[in-house]
Amino acid sequence: MTTLTVAGVLLGGALAGCGGGTPPPPAPVLPPPAAAASPAPPKKPPTMAPGPAGRTPVFERRPATGTPAGGSPSDEKVVALSFDADMTADQGPRAKAGERFDNPELIALLRRLKVPSTVFMTGRWAEEYPAQAKDIGADDLFEVANHSYSHYAFTADCYGLPVVAKETMARDVERAFAAFREAGVRNVVPYFRFPGGCYDDAALRALAPANVTAVQWDVVSGDAFATDAGAVARQVLDGVRPGSLVVLHCTRSAAPVTGDAMGRIVPELRKRGYRFVKVSELIEG
């Protein structure tokens with residue numbers, strides 16, 4: 001009897017050690033993982049309301065006085081640098097012969113200096129340099145705006161440029177947007193710059209169906225066909241005020257010293273307390 005009793009005790013201990021004793025408490029029931037938040041929709045670029053009789057609105061610079069709708073003081077030291085990537089519809093043979101209408105070194109410099117910028121691109125330029133157009137548009141440092149398809153003038157007597165017929169002006173602008181889409185350009189904003197900056201009331205009326213804000217400038221860099229980078233830099237630095245919009249060029253053959261000028265302009269404006277913004281931020285206020 002004693003031997004059996006001891007054996008029974010040992011067998012019971014062995015069973016307990018293998019889980020034959022009191023069962024463990026059930027595992028806690030965890031709530032299902034929360035669904036991943038949907039990404040916020042991309043911010044819509046600000047635009048201006050149409051002018052009288054539906055005319056295309058025109059923006060030149062942030063107002064120098066008063067407080068814009070966003071509440072930021074208009075004397076904030078911000079400045080927008082814009083670069084025109086020009087190429088006319090009939091310059092293809094010149095490009096094939098070796099003339100360069102692009103300026104990748106300038107774009108690389110803006111990246112190194114971390115300068116947000118707006119590139120006003122012609123549709124013909126995007127067709128000639130689709131990889132560069134796509135690369136610029138894929139970089140959040142930049143936004144791409146419309147500089148027409150052909151870089152033909154929207155008024156007569158505009159620096160000798162061929163003239164777009166009134167009935168095809170809106171179509172010319174849409175053709176440029178189509179060229180951007182074909183090249184895979186992202187970060188496109190609904191802004192338009194008249195070739196040569198030339199426009200009149202008839203052009204503003206004709207362009208209304210394109211639903212764009214026309215963007216001009218208040219500081220002319222003078223970099224087009226310039227050979228003195230120092231002179232370009234001085235002209236920009238003398239002209240910039242809080243809220244200014246500067247026009248420059250992103251075309252090696254027509255503006256060969258722009259990069260050198262930027263190497264002087266950017267550090268000096270930052271030293272003066274300026275912050276660089278895209279045109280969309282300048283319009284937003």
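Residue numbers run consecutively from 1 along every chain, following the written order of its sequence. Local features in this predicted model are restricted to residues of pLDDT 70 or higher, and side-chain atom pairs are both shown and tallied only at a pLDDT of 80 or more, whereas totals for entire chains, interfaces and linings draw on every residue. To obtain the side-chain values, all non-hydrogen atoms of the structure were included, while hydrogens and water were left out.

**Q** Help me out: how do you make sense of the packing of helix α3 (residues 104-113) against helix α9 (residues 258-271) in this one?
**A** When two helices pack together, you describe them by how their axes are tilted relative to each other and by the distance separating the axes. Each axis is a line fitted through C-alpha atoms, and for a helix only the stretch in contact is used; angles between axes span 0 to 180 degrees, taken between their N-to-C directions. Only DSSP runs of H or I reaching four residues or more are called helices, and only runs of E reaching two or more are called strands; each is numbered from the N terminus. Where α3 meets α9, the closest approach of the two axes is 10 Å, and the angle between their N-to-C directions is 20°. Between α3 and α9, the crossing angle belongs to the class labelled roughly parallel. Here α3 runs over α9; the crossing is right-handed. Across the interface between the two elements, Leu 106, Leu 109, Leu 110 and Leu 113 from α3 touch Thr 258, Gly 259, Met 262, Gly 263, Val 266 and Arg 270 from α9. Of the residues belonging to the contact of α3 with α9, the class tally is six nonpolar, three polar and one charged. When an angle is under 35 degrees it counts as roughly parallel; over 145 it counts as roughly antiparallel; between 65 and 115 it counts as roughly perpendicular; any other value is oblique. Definitions for this section: a left-handed crossing has its near helix turned counterclockwise from the far helix by less than a right angle. A right-handed crossing has that turn clockwise. Whether two residues touch is decided by their heavy atoms; if any such pair falls within 4.5 Å, the residues are in contact. Polarity classes work like this: nonpolar for Ala, Val, Leu, Ile, Met, Phe, Trp, Tyr, Cys and Pro, charged for Asp, Glu, Lys and Arg, and polar for all others, with Gly in that last group.

**Q** Just checking my understanding: could you explain the packing of aromatic side chains for this structure?
**A** How two aromatic rings sit relative to each other is given by the distance of their centres and the angle of their planes. Two rings belonging to Phe, Tyr or Trp (six-membered ring only in the last case) form a pair when the distance between their centres is within 6.5 Å. Interplanar angles under 30 degrees mark stacking, angles over 60 mark edge-to-face geometry, and anything in between is tilted. This structure, assessed with the given rule, holds six aromatic pairs. A centroid spacing of 6.1 Å and a plane angle of 85° characterise the contact between Phe 177 and Phe 180, whose relative ring orientation is edge-to-face. On the criterion of helical spacing, the pair formed by Phe 177 and Phe 180 is a turn pair, its members being three residues apart in helix α6 (residues 169-183). Burial classes follow relative accessibility: with a 1.4 Å probe on protein chains only, a residue under 20% of its type's maximum area counts as buried, one over 50% as exposed, and anything between as partly exposed. On the accessibility criterion, Phe 177 (13% relative accessible area) is buried. Through a chain of ring-to-ring contacts, three or more aromatic side chains come together here, namely Phe 154, Phe 192, Phe 194 and Tyr 199.

**Q** Where do I start with the state of the cysteines in this structure?
**A** By definition, a disulfide links two cysteine residues through a covalent bond between their sulfur atoms. For this text, the term disulfide refers to a pair of cysteine sulfurs within 2.5 Å. The full count for this structure, using the stated rule, is one disulfide. Here Cys 158 engages in a disulfide with Cys 198; their sulfurs sit 2.1 Å apart. Looking along the S-S bond of the Cys 158-Cys 198 disulfide, the torsion reads about 80°, which is the right-handed sense. Of the two residues, Cys 158 is situated in the loop between β4 (142-146) and α6 and Cys 198 in the loop between β5 (188-192) and α7 (201-206); the sequence distance between them amounts to 40 residues.

**Q** Explanation requested: helix α5 (residues 130-138) in the structure shown.
**A** Think of an α-helix as 3.6 residues a turn; residues three or four steps apart then line up on the same face. Buried within α5 are the following residues: Ala 133, Ile 136 and Gly 137. Burial along α5 is one-sided: seen end-on, the buried residues are contained in an arc of 95°. Looking at the packing, one finds that the buried side of α5 touches α3, β3 (117-121), α4 (123-128) and β4. Directions pointing from the helix axis toward each C-beta atom define the arc.

**Q** Even after reading the chapter, I still don't get the packing of helix α8 (residues 229-239) against α9, so can you show me in this structure?
**A** Between α8 and α9, the least distance of the axes is 8 Å, while the angle of their chain directions is 35°. For the crossing formed where α8 meets α9, the hand is right-handed. Each of Ala 229, Gly 230, Val 232, Ala 233, Val 236 and Leu 237 in α8 lies in contact with α9, whose residues at this interface are Asp 260, Ala 261, Arg 264, Ile 265, Glu 268 and Leu 269.

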